[in-house]
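Summary of structural features
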Amino acid sequence: MKVLVIDTSVCIDLWKGGLLEALGKLRAQVLIPDIVLEELLRPDHSLVEQSGVSTVSISAKGITRAVTLAAQFRQESRVDVYCLVASEEASGILVTGDRSLAQAARALGLETHGVLWLMDRLVQEHVVGPDQALLGLQNMLAQGCWLPKHECDLRIEEWRGLHGGGEQGTDH
């Protein structure tokens, strides 16, 4: 089973899109570092936990690793560094909306994707329908989520086609 480690931006974006509760239905274990959960003001911690996301703590060895990574990636916050360590410790995929954090993850050889990739998984695994994904994306954009316009336009077109009875789109 795949392990996904999510950061603050992913929680907020999915919550704004009304899709946070769908995470627990993915064919993956979805983790959030406890320090990330503590940082969240919205959505409420209980909503994240009720969605099926599991909280993970960093090991003692991971804390030492975080100190090393903080020196290497000075632009990253303490919370971001903990996301890197959690991804390493879980051999997981980091899902983040933070470009700098994604670059740091790639520099460490970690697989990383964004919230749109996660939404693709939700549709492909039939956790949500294309109409619900489309509405979620529109809600995210209306509430100011920073997502790449071109990628959003592609999904809007694809999900409208799927909702209208078109064929399954490609894997993004």
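Refer to the structure above for everything that follows.
First things first, this report covers the structure right here in the doc. The residue count restarts for each chain, going from 1 along the sequence in the order it is written. Local features in a predicted model are, by the rule used here, given only for residues with pLDDT of at least 70; side-chain atom pairs are given and counted only at 80 or more, and totals for whole chains, interfaces and linings are based on all residues. Excluded from the side-chain calculations are hydrogens and water; all other atoms, namely the structure's heavy atoms, are used.

In this description a helix means any DSSP run of H or I spanning at least four residues, a strand means any run of E spanning at least two, and both kinds are numbered starting from the N terminus. Along the chain, the position of L41 falls in the loop between α2 (34–39) and α3 (45–50). The spacing of L41 and C152 is 111 residues in sequence and 26 Å in space, taken between C-alpha atoms.

Time to look at the pattern of salt bridges. Once the charged atoms of two side chains with opposite charge are near each other, the side chains can pair. Whenever a carboxyl oxygen of Asp or Glu lies within 4 Å of a side-chain nitrogen of Lys or Arg, that contact is scored as a salt bridge. With the rule as written, the count across this model stands at 4 salt bridges. Residues R65 and E88 are paired through a salt bridge, measuring 2.8 Å at the closest nitrogen-oxygen approach. Residue R65 is located in helix α4 (residues 60–72), and its partner E88 is located in helix α5 (residues 78–90); the two are separated by 23 residues in the primary sequence. Each residue is assigned to one of three classes by its accessible area relative to the maximum for its type, calculated with a 1.4 Å probe on protein chains only: buried under 20%, partly exposed between the two thresholds, exposed over 50%. Owing to a relative accessible area of 30%, R65 belongs among the partly exposed residues under this scheme. Residue classification places E88 among the partly exposed positions, given a relative accessible area of 25%. Here D120 makes a salt bridge to R155, at a shortest N to O gap of 2.8 Å.

Two elements in contact, α4 and α5, have axes separated by 9 Å at closest approach and are oriented at 130°. Taken as axis vectors, α4 and α5 run oblique relative to one another. Read as a crossing pair, α4 and α5 show a hand that is right-handed. Across the interface between the two elements, G62, I63, R65, A66, L69 and A70 from α4 touch V81, Y82, L84, V85, E88 and E89 from α5. Three categories are distinguished: nonpolar for Ala, Val, Leu, Ile, Met, Phe, Trp, Tyr, Cys and Pro, charged for Asp, Glu, Lys and Arg, and polar for the others, with Gly belonging to the last. Grouping the constituent residues of the contact of α4 with α5 by class yields 8 nonpolar, 1 polar and 3 charged. Only the stretch in contact is used when fitting a helix axis, every axis being a line fitted to C-alpha atoms; angles between N-to-C directions are given from 0 to 180 degrees. Our angle categories are set so that under 35 degrees counts as roughly parallel, over 145 as roughly antiparallel, 65 to 115 as roughly perpendicular, and the remainder as oblique. Definitions for this section: a left-handed crossing has its near helix turned counterclockwise from the far helix by less than a right angle. A right-handed crossing has that turn clockwise. Any two residues whose heavy atoms approach within 4.5 Å at even a single point are treated as in contact.

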